[in-house]
Amino acid sequence: RAPVRPRARSAAMMPPKTAEIIVPLRFMLTVGTLIATLLVYFHRADNVAVSVAGNPTTAELQAADASVLAAWAVQLICLAISLTGLLGGFSMFMHGVGLLQIVCQLAAGVLTCLFILGSWHIAALWYITGFLGIVPAVAETGIIATALACRSQRQ
C-alpha cells in the first residue's frame, strides 16, 4: 500500500493575509467617513439650531454655522491626508497605522452619522474631528514626511 501524502492546500483554503483584509477595509471605511463628512455640509442647519439657545441673533447663527464649516473643512483635510497616505502607498502595508486608521475611521464615520441624525451640538463635531480625524492625520503626515525625506536622501 502506498503512503498517503498530505494534500497541498489550495489558495482558496488559505486564510487571508493581514494586508488582504486591512487595506480594503481601511479604504472602505475612509470613503464611508468621507461620505458621512460630506453629508454634514447639507444637514448642518439642525445642528446649528440646537447649538444656539433661545432666540439667537443672526450673528450667533452665523458664528455657529462658521464653526461647523471649519470643523467640516478640517475633517476633509484629514481625510485627504489619510487617502494620500493610503493611495500613495506611503502607509498601505504598515499594519499598525492601518489599524489606527481603521479604528478611527470607523468611530468617526459612525459618530458623524449620529451627529447628523441626532442633531447633536456642534461641539461634538469638533471632538470627532480632533480625536478621530486629526490624530490619525498627524500620524499619516509623519509617515509621508519620513518617506519623502528618505526618497530625497537617496537621490
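Further up the page is the structure itself.
Residues numbered from 1 in each chain as written. Predicted model: local features only at pLDDT ≥ 70, side-chain atom pairs only at ≥ 80, totals over all residues. Heavy atoms only, no water.

Asker: Go over empty space enclosed by the protein with me, naming the residues and quoting the values.
Answerer: All chains considered together, the criterion is met by one cavity of 30 Å³ or more. Put simply, the largest cavity is a space of about 40 Å³. Lining the largest cavity we find Gln75, Cys78, Leu79, Ser82, Gln101, Gln105, Leu132, Gly133, Pro136 and Ala137. Elements supplying a minimum of two residues to the lining of the largest cavity: helix H3 (58–87), helix H4 (95–117) and helix H5 (122–154). Grouping the constituent residues of the lining of the largest cavity by class yields five nonpolar, five polar and no charged. (1 Å grid on protein atoms, 1.4 Å probe; cavity = no way out; pocket = protein on both sides within 12 Å on 5 of 7 lines; lining within 4 Å. Points joined across faces, edges and corners; volume = space filled by probe spheres on them. Helix = DSSP H or I, 4+ residues; strand = E, 2+ residues; numbered from the N terminus. Nonpolar A, V, L, I, M, F, W, Y, C, P; charged D, E, K, R; others polar.)

Asker: Outline the environment of Met92, listing residues and values.
Answerer: Among the secondary structure elements, Met92 is positioned in the loop between H3 and H4. The residues contacting Met92, other than those within four sequence positions of it, are Val23, Arg26, Gly85 and Leu86. (Contact = heavy atoms within 4.5 Å.)

Asker: For the side chain of Glu140, give the residues involved together with the corresponding values.
Answerer: Here Glu140 lies in helix H5. Residues contacting Glu140, with those up to four places away along its chain left out, are Arg26, Ile81, Ser82, Gly85, Leu86, Ser91, Val97 and Gln101.

Asker: Go over helix H2 (residues 44–51), please, and point to the residues and values.
Answerer: The set of residues buried in H2 consists of Arg44, Asn47, Val48 and Ser51. Buried positions in H2, seen along its axis, are confined to an arc of 100° and lie on one side of it. (Buried < 20%, exposed > 50% of the residue type's maximum accessible area, 1.4 Å probe, protein only. Arc of directions from axis to C-beta.)

Asker: Tell me about a nonpolar patch on the surface, and please be specific about residues and values.
Answerer: Together, Ile21, Leu25, Phe27, Met28 and Leu87 line one region of the surface with nonpolar side chains, adding up to about 480 Å² of accessible area. Element by element, the count of residues in the nonpolar patch is highest for helix H1 (residues 18–42), at four residues. Looking at the secondary structure, you find Leu25 in helix H1. (Patch = residues over 30% accessible without salt bridge, like charges linked within 9 Å, V, L, I, M, F, W, Y side chains within 5 Å. Areas by Shrake-Rupley, 256 points an atom, 1.4 Å probe, with all protein chains shown as cover. Salt bridge = Lys/Arg side-chain N within 4 Å of Asp/Glu carboxyl O.)

Asker: I'd like to hear about the packing of H1 against H4, residue by residue, with values.
Answerer: Orientation of H1 relative to H4, taken along the N-to-C sense of each, is 30°, at an axis distance of 8 Å. With respect to their mutual orientation, H1 and H4 come out roughly parallel. Our pair here, H1 against H4, has a crossing hand that is left-handed. Of the residues that constitute the contact of H1 with H4, the class distribution is 14 nonpolar, 10 polar and one charged. (Axes fitted to C-alpha atoms, helices over the stretch in contact; angles between N-to-C directions. Parallel < 35°, antiparallel > 145°, perpendicular 65-115°, else oblique. Left-handed = near helix turned anticlockwise from the far one by under 90°.)

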